[in-house]
Amino acid sequence: MSNVLTALYQKKVQPQLYKQLRWGITSSWMENNARGIQYNGGKYVLMHEMSVDGLGDYDRNLGYPRGSINGALKQYELTKDRGREFLIDAADNDETGFLVNGASVMAEFQAAHVIPEVDSYRYSKIYADVLAGAPDNIDDTAMETTKLVDLLTLDCATIRDRVGDIPLVITMSGLVQRHLGRQFTQSLDVVNFNRGGIFTKVKALDGDPIMIVPSARLKTAYTYRDGVSAGQEAGGFVAADGAKDIKWIIMPITAPIAVGKIDKMRAFSPDEYQGAHAWKVDYRLFHDLWIMPNGYNNSFIRTGTISEPAE
């Protein structure tokens, strides 16, 4: 029975949970760069890496200069291994309605906890990686509200000069949008943006999409509770002590690679689960983010406070 129920759960519920993740995670566009990844379960993925030589002079006698191709299949570890199990009392459900009830529990769990946590981890990981690899690309200078659009335009121009025609993505805190006010609607255009296979209309600056993210997900560091220790039973995450608000992140659309994999989901009936007279469902998510070579130098982050101009 457990195998049949688990198989049904994976077939009917798990694909819908993936869709919910793609819709809810504001950083799902980063998963577009995870092409060709091999995942066979567990916490490791395999990704292809390749480099080729540049142009050389053509010789009319000898012909083309021969270049080299270096390729390898590299293993990456998904360092975030998070999960939960839930019990649904047998008195609250019967076997016919279990699928709907179990799906509802997992959908609420993802919406309230998983989606915000994955976003928060990715953005704070970008901050930590840029801080370690190119600290000069993080600016903590205070900003005036009337200068925000000019600063954003300048930061984008600086990065665009480094990367050329590669599209940029601007991740902006909802706090900044509030300070921008009418400037956000009057000074910006609208573009279609591919966010994890989902096309949505977003505001853009000179064609570069702006992803508005809740400020609670844009901190420089977080503490992730283990769910079992004293004071951490509720699980989830909180902003770390001393964490700063990230105002915006600018980076090439090709720079970050994000991977999130829901591991094999299981479900057990009250007859099979021995811990209580209840249905049991569990959820496990492996995920991580990496920045590609030169991604540090080609990214820019602002964390300065925003204030009204002095009179």
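Here the structure is shown first, and the text comes after it.
All of these numbers come straight from a predicted model, not from anything done at the bench.

Draft legend 1. Helix H4 (residues 148-163), seen in detail. The end-to-end C-alpha distance of H4, which contains 16 residues, comes to 23 Å, matching closely the 22 Å that a straight helix rising 1.5 Å per residue would cover. The set of residues buried in H4 consists of Leu-148, Val-149, Leu-151, Leu-152, Asp-155, Cys-156, Ile-159 and Val-163. Each buried residue of H4 lies within a common arc of 165 degrees when the element is viewed along its axis, so the set occupies one face. Exposed side chains of H4 directed beyond 90 degrees from the buried face belong to Asp-150, Leu-154 and Asp-161. Just downstream of H4, Gly-164 is the residue with a positive phi angle, here 75 degrees.

Draft legend 2. Region of interest: the nonpolar core. Among the nonpolar cores identified, the biggest contains 21 residues, and Trp-29, Met-30, Ile-126, Ile-249, Met-251 and Ile-301 are the most heavily contacted of them. Looking at this core, the elements with two or more residues in it are helix H3 (98-133), strand S10 (208-213), strand S13 (248-252) and strand S16 (278-291). Sort the elements by how many residues they give to this core and H3 lands first, with four residues. Setting aside anything within four residues of it in sequence, one finds Met-30 in contact with Tyr-123, Ile-126, Pro-256, Ile-257, Ala-258 and Leu-289.

Draft legend 3. Region of the structure containing the sheet that holds strand S3 (residues 69-77). Overall, antiparallel pairing links the three strands, which are arranged S1-S2-S3 in an open sheet. The open sheet has two edge strands, strand S1 (38-39) and S3, and neither has a second partner. Pairing between strand S2 (residues 44-52) and S3: nine bridges, direction antiparallel. Directly across from His-48, in S3, lies its bridge partner Leu-73.

Draft legend 4. Quick peek at a nonpolar patch on the surface. A cluster of nonpolar residues, Met-50, Val-52 and Ile-69, forms a patch on the protein surface that exposes about 370 Å² of accessible area. As for its placement among the helices and strands, Val-52 is situated in strand S2. Classification of Val-52 as exposed rests on a relative accessible area of 55%.

Draft legend 5. Local environment of the environment of Leu-17. Here Leu-17 is to be found in helix H2 (residues 14-24). Leu-17 sits in the buried class, given a relative accessible area of 3%. Along the sequence, Leu-17 and Ala-107 sit 90 residues apart, while their C-alpha atoms lie 6.6 Å from each other. Dropping the residues within four chain positions of it, Leu-17 is found in contact with Met-106, Ala-107, Gln-110, Ile-262, Met-265 and Tyr-283.

Quick notes on the rules
Residues numbered from 1 in each chain as written. Predicted model: local features only at pLDDT ≥ 70, side-chain atom pairs only at ≥ 80, totals over all residues. Heavy atoms only, no water. Helix = DSSP H or I, 4+ residues; strand = E, 2+ residues; numbered from the N terminus. Expected span 1.5 Å × (residues − 1). Buried < 20%, exposed > 50% of the residue type's maximum accessible area, 1.4 Å probe, protein only. Arc of directions from axis to C-beta. Core = buried A, V, L, I, M, F, W, Y, C linked by side-chain atoms within 4.5 Å. Contact = heavy atoms within 4.5 Å. Pairing = 2+ DSSP bridges. Patch = residues over 30% accessible without salt bridge, like charges linked within 9 Å, V, L, I, M, F, W, Y side chains within 5 Å. Areas by Shrake-Rupley, 256 points an atom, 1.4 Å probe, with all protein chains shown as cover. Salt bridge = Lys/Arg side-chain N within 4 Å of Asp/Glu carboxyl O.

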